[in-house]
Amino acid sequence: MSLGTNISRLRAEKRLSQGDLAEVLEVSRQSVSKWETDSSVPDLDKLIKLSQLFGVTLDELVTGAEPQLKVETPPVMVSASMPGRKIAGIILFCMAFLAFLIPTGLGGSSSA
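Presented here is an overview of the structure given in this document. Bear in mind the structure is a predicted one, so any value in this text is a computation, not a measurement.

So, about the side chain of glutamate 36. When you line up the elements, glutamate 36 lands in helix α3 (residues 29-36). Accessibility expressed as a relative area gives 12% for glutamate 36, which makes it buried. At 2.5 Å, the side chain of glutamate 36 forms a polar contact with the side chain of arginine 11. Of the polar contacts made by the side chain of glutamate 36, one reaches the side chain of glutamine 18; its length is 2.8 Å. Beyond its immediate sequence surroundings of up to four residues, glutamate 36 is in contact with Gly4, Thr5, Ile7, Ser8, Arg11 and Gln18.

This paragraph deals with the nonpolar core. Grouped together as the largest cluster of nonpolar side chains are 13 residues, with contacts concentrated most on Ile7, Leu21, Trp35, Leu50, Phe54 and Leu61. Apart from the residues lying within four places of it in its own chain, the contact partners of leucine 50 are Ile7, Leu21, Leu25, Trp35, Pro42 and Leu61.

Remark: helix α2 (residues 18-25) packs on helix α4 (residues 44-54), axes separated minimally by 11 Å, with the N-to-C direction vectors making an angle of 115 degrees. As for how α2 packs across α4, the hand of that crossing is right-handed. Residue-level inspection shows Leu21, Val24 and Leu25 of α2 in contact with α4, the latter providing Lys46, Lys49, Leu50, Leu53 and Phe54. Looking at side-chain class alone, the contact of α2 with α4 contains 6 nonpolar, no polar and 2 charged residues.

Parameters and conventions
- Residues numbered from 1 in each chain as written.
- Predicted model: local features only at pLDDT ≥ 70, side-chain atom pairs only at ≥ 80, totals over all residues.
- Heavy atoms only, no water.
- Helix = DSSP H or I, 4+ residues; strand = E, 2+ residues; numbered from the N terminus.
- Buried < 20%, exposed > 50% of the residue type's maximum accessible area, 1.4 Å probe, protein only.
- Polar contact = N/O pair within 3.5 Å; in protein donor to acceptor, adjacent residues only side chain to side chain.
- Contact = heavy atoms within 4.5 Å.
- Core = buried A, V, L, I, M, F, W, Y, C linked by side-chain atoms within 4.5 Å.
- Axes fitted to C-alpha atoms, helices over the stretch in contact; angles between N-to-C directions.
- Left-handed = near helix turned anticlockwise from the far one by under 90°.
- Nonpolar A, V, L, I, M, F, W, Y, C, P; charged D, E, K, R; others polar.

See below:
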């Protein structure tokens, strides 16, 4: 569907005339007519106002795409932090091992 067709359809759904829409957007009725016949394209600020007025996204307004269900996914733990945890675990393990070995080694050699 073209942008002009979408504007025309959405305007009709809101039961607005071209003049009513033009008044809300502070443009001429002829501008609205040109948009609807794809003779011209509204400026970005007018597209934003149109999407807000019609309650659609810019994508839906411009392409005529059906509204997408917005599915929120739960946050995922970043796997980049896992190598850091592995390294920290290895270091702690080595320190504990050395803490066990040093007293054992020193205690066994002082039997003289």
